[in-house]
Amino acid sequence: MNLIELNRALRQLRLGAMAAVLETRLQQAQAEPMAPIDFLSCLVSDELTRRGDRLLERRRKQAQFRDPQVSFDNFDFDFNKKMNRSLVFDLATAAFIARHDDALFLGPPGTGKSHLAQAIGKAVIDQGYRVIYREAHILLEEIAEAALDGNRKEYMELLATVPLLIIDDLGMRKLGPTAAEELLEIVMRRYGRASTLVTSNRPVEDWGKLLGDSAAYSVSKARKTPLSPEYDCDRLNAVSPVRQPSRKAARCG
């Protein structure tokens, strides 16, 4: 089997990374020289690296972040000296996801809630977790569209099981009459099973008026879900579904 045939065979086996670097690795093996096991190890490592990179890229696209360029590197932590940076980076380690904890970012517009939520989401993907990011009004629109298409059950199952669901900008736009019921269903199905990160510019005490369904809001309060008004406005809290909410907080406004 010559080089062209070997390259073709590797691609048929879906070992595209090996095929792409085969000639380069052969030249390296001749120049150094390399033991056969080292040559094979390099090819396998190339394939694994490329697959890992593609998996991360695919998960970032599937998350559908609103601002693909945001990261911790381009966030101005000096803008708010009171922010608890250690808590922010603790969330970025994804340890709260392993515990099925939730997080709530509250604060006025322009204080970095969405930026941090997306940066944390990307860091979580790098830790090997799947993430879905949606602005609140878009999430509700997609649920309505799924219902019209007959796919609501499947879509809600996806929302209920993804390891991290980020619901951004709750309260920035007026929500429909069924918003409370839809959000409550998502939260209750995920609670204690998967992590949810919510950002809002409205104090939790106003969420009943915002959602327009006092009954659903009251149920969420009684069940102590992340919709419960236990968190201080303008703060970031890491919340456990079984413990009382943490009092460690980072100012977001």
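Whatever comes next refers back to the structure up there.
Residues numbered from 1 in each chain as written. Predicted model: local features only at pLDDT ≥ 70, side-chain atom pairs only at ≥ 80, totals over all residues. Heavy atoms only, no water.

(A) Here's a closer look at the overall build of the protein. The helix and strand inventory of the protein stands at 11 helices and 6 strands. For the protein, with 253 residues in total, the buried portion stands at 47%. Pairs at least 24 apart in sequence give 74% of the contacts found in the protein among residues at least 6 apart. As displayed, the protein has an accessible area near 13400 Å², and 52% of this comes from carbon and sulfur atoms. (Helix = DSSP H or I, 4+ residues; strand = E, 2+ residues; numbered from the N terminus. Buried < 20%, exposed > 50% of the residue type's maximum accessible area, 1.4 Å probe, protein only. Contact = heavy atoms within 4.5 Å. Areas by Shrake-Rupley, 256 points an atom, 1.4 Å probe, with all protein chains shown as cover.)

(B) Seen up close, helix H3 (residues 36–63). Taking 1.5 Å of rise per residue, the 28 residues of H3 would be expected to cover 40 Å, and the 41 Å separating its terminal C-alpha atoms lies within 8% of that figure. Turning to H3, its buried residues number three or more, namely Phe39, Cys42, Leu43, Asp46, Glu47, Arg59 and Ala63. Of the surrounding elements, those touching the buried residues of H3 are helix H2 (16–31), helix H6 (113–126) and strand E2 (131–135). Following H3 by one or two positions, glutamine 64 adopts a phi angle in the positive range, close to 60 degrees. (Expected span 1.5 Å × (residues − 1).)

(C) Seen up close, the pairing of strand E1 (residues 102–106). By the criterion of burial, E1 is predominantly enclosed, with 5 of the 5 residues buried. Every second residue of E1 is oriented toward a common face, with Asp102, Leu104 and Leu106 on one face and Ala103 and Phe105 on the other, all of them buried. Two elements, E1 and strand E4 (residues 195–200), share 4 bridges in a ladder whose sense is parallel. Looking across to E4, one finds that alanine 103 is bridged to leucine 197. (Pairing = 2+ DSSP bridges.)

(D) Inspection of the pattern of salt bridges at higher detail. Following the criterion strictly, the structure yields 15 salt bridges and no others. The partner of glutamate 157 in a salt bridge is arginine 189, and the shortest N-O contact between them spans 2.7 Å. Taken together, the residues glutamate 157 in helix H8 (residues 152–161) and arginine 189 in helix H9 (residues 179–190) connect sequence positions 32 residues apart. Among the charged side chains, a salt-bridge network with shared partners connects Arg66, Asp67, Glu135, Asp168 and Asp169. (Salt bridge = Lys/Arg side-chain N within 4 Å of Asp/Glu carboxyl O.)

(E) Representation of the side chain of glutamate 142. Looking at the secondary structure, you find glutamate 142 in helix H7 (residues 136–149). A polar contact of 2.8 Å, which involves the side chain of glutamate 142, links it to the side chain of arginine 134. Ignoring sequence-local partners within four residues, the contact set of glutamate 142 consists of Gln64, Arg134 and Tyr155. (Polar contact = N/O pair within 3.5 Å; in protein donor to acceptor, adjacent residues only side chain to side chain.)

(F) Structural context of the nonpolar core. Of all hydrophobic cores here, the largest spans 26 residues; its most connected members are Phe72, Phe105, Leu116, Val131, Leu164, Ile166 and Leu197. Where this core is concerned, the elements lending two or more residues are helix H4 (85–92), helix H5 (95–98), E1, H6, E2 and strand E3 (164–170). No other element matches H6, which puts 7 residues into this core. Counting 25 residues, the second largest nonpolar core, distinct from the first, contains Leu159, Leu165, Leu183 and Val198. (Core = buried A, V, L, I, M, F, W, Y, C linked by side-chain atoms within 4.5 Å.)

(G) Expanded view of the environment of leucine 40. Relative to the helices and strands, leucine 40 is located in helix H3. Judged by relative accessible area, which is 46%, leucine 40 ranks as partly exposed. Linking leucine 40 and arginine 25, residues 15 residues apart in sequence, is a C-alpha distance of 9.3 Å.

(H) Structural context of the pairing of E2. E2 sits mainly inside the fold: 5 of its 5 residues count as buried. Here E2 shows a buried face lined by Val131, Tyr133 and Glu135 and a second buried face lined by Ile132 and Arg134. Relative to E3, E2 runs parallel, the two being bridged by 5 bridges. Opposite tyrosine 133, over in E3, you have isoleucine 166 as the bridge partner.

(I) Representation of the packing of aromatic side chains in the model. Across all of its chains, the model carries 4 aromatic pairs by this definition. An angle of 40 degrees between the planes, with centres 5.9 Å apart, marks the rings of phenylalanine 65 and tyrosine 133 as tilted. In this pair, phenylalanine 65 sits in the loop between H3 and H4 while tyrosine 133 sits in strand E2, placing the two residues 68 residues apart along the sequence. Tyrosine 133 sits in the buried class, given a relative accessible area of 2%. Of the aromatic side chains, those joined through ring pairs into one cluster are Phe72, Phe75, Phe77 and Phe89. Note that lysine 122 overlies the ring of phenylalanine 65, its terminal NZ or CZ placed 5.7 Å from the centroid. (Phe/Tyr/Trp six-rings, centres within 6.5 Å; stacked < 30°, edge-to-face > 60°. Lys NZ or Arg CZ within 6 Å of the ring centre and 35° of its normal.)

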